[in-house]
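So you can see what is in the structure, the chains are spelled out below.
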Amino acid sequence: MTQLRLPLGLPEPRDAEFLVSDANARAVQQLDRWGAWPVMAALLVGPRKSGRSLLARIFTAKTDGTMIDDAERVAEADIFHAWNEAQARRHPLLIIADTPPPLWSIRLPDLRSRMMATPVLTIDPPDDMLMGQLLARFFDRRLLVPAPDLIPWLVSRVERSYVALVRIADTLEDDAASRGTARLSIRAAKGTLENAGLLPRSEPEAFSETP
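Residues numbered from 1 in each chain as written. Predicted model: local features only at pLDDT ≥ 70, side-chain atom pairs only at ≥ 80, totals over all residues. Heavy atoms only, no water.

> What am I meant to see in the overall build of the protein chain here?
The helix and strand inventory of the protein chain stands at 8 helices and 8 strands. Counting across all 211 residues of the protein chain, residues that qualify as buried make up 47%. Long-range contacts, defined as pairs at least 24 residues apart, comprise 73% of the intrachain contacts of the protein chain with a sequence gap of at least 6. Surface accessibility of the protein chain: about 11100 Å² in total, with carbon and sulfur atoms responsible for 52%. (Helix = DSSP H or I, 4+ residues; strand = E, 2+ residues; numbered from the N terminus. Buried < 20%, exposed > 50% of the residue type's maximum accessible area, 1.4 Å probe, protein only. Contact = heavy atoms within 4.5 Å. Areas by Shrake-Rupley, 256 points an atom, 1.4 Å probe, with all protein chains shown as cover.)

> Help me understand the pattern of salt bridges in this model?
Side chains that differ in charge, positive against negative, can pair when their charged atoms come close. Per the counting criterion, the structure on display carries 11 salt bridges. Asp32 is paired through a salt bridge with Lys62; the nearest N and O atoms lie 3.8 Å apart. With Asp32 in helix H1 (residues 25-32) and Lys62 in helix H2 (residues 52-63), the pair connects residues that are 30 residues apart, well separated along the chain. With a shortest N-O distance of 3.5 Å, Asp98 and Arg48 are connected by a salt bridge. Here Arg48 lies in the loop between strand S3 (41-45) and H2 and Asp98 lies in the loop between strand S5 (93-97) and helix H4 (109-116), a separation of 50 residues in the sequence. Taking the relative accessible area as the measure of exposure, Arg48 reaches 32% and is therefore partly exposed. (Salt bridge = Lys/Arg side-chain N within 4 Å of Asp/Glu carboxyl O.)

As C-alpha cells, this is what we get:
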C-alpha cells in the first residue's frame, strides 16, 4: 500500500494524503490520465466515506478542473450545463455519485445521453490492507492507542465498509473516553462493538493482552 501525496496547498497536509490500494488504484490511474478521456468529464463512483470527495478535490486542484459532489442530489439541469461548459473550456469535470447510470436514475434525456458517454471511475469496498491503514489513521486522529494485535483482529471480523470503519472508530473513541484511557484492547473493543451492533456476537475468546 502506498500513499498519494500531492503538494497542492490544501489547508492540512495530512488531509491531502489519499491512501491508495487495490480498491481504488485504477480510479487514481484514470484520473492521472484524464487527457485520454473521451469527453472532458468523468463519473467518480464509490461508497460514502471512501475518500472520493478528497480524491476529487486533489484532482481538481491539480488540473484546474471542477467537481460536482453528491450528484444525485444536484439539479439535473445544473449538471447538464456544467458538463457542456467543461467541453467548451476543455477543463475536466468530475461528477461524484453513489452509483452510475442507469442505477442512478436520470430523467433529463440530454443529460442521460451525456452520462452514457462519460467514463466511470470506480472506488471499490476497502480491501484488508486499506482497512488496516484507515483504522490506524482514524485511531491516530482520535489520539487512541490500539494494542498491536487489535487492528488485524478487527480487519478479519468487521464489515468491509468505509462507513462501518468510521463508526467503529467513533464508538471506540466514546468508550475510551468513558473508561478514562486512550488504550484499546481486543477485550474492550469486542464487548463495545458487539453492544453497538458493529461486530457479530461470537463465543467467548481467550485473550492474552491486558484490557
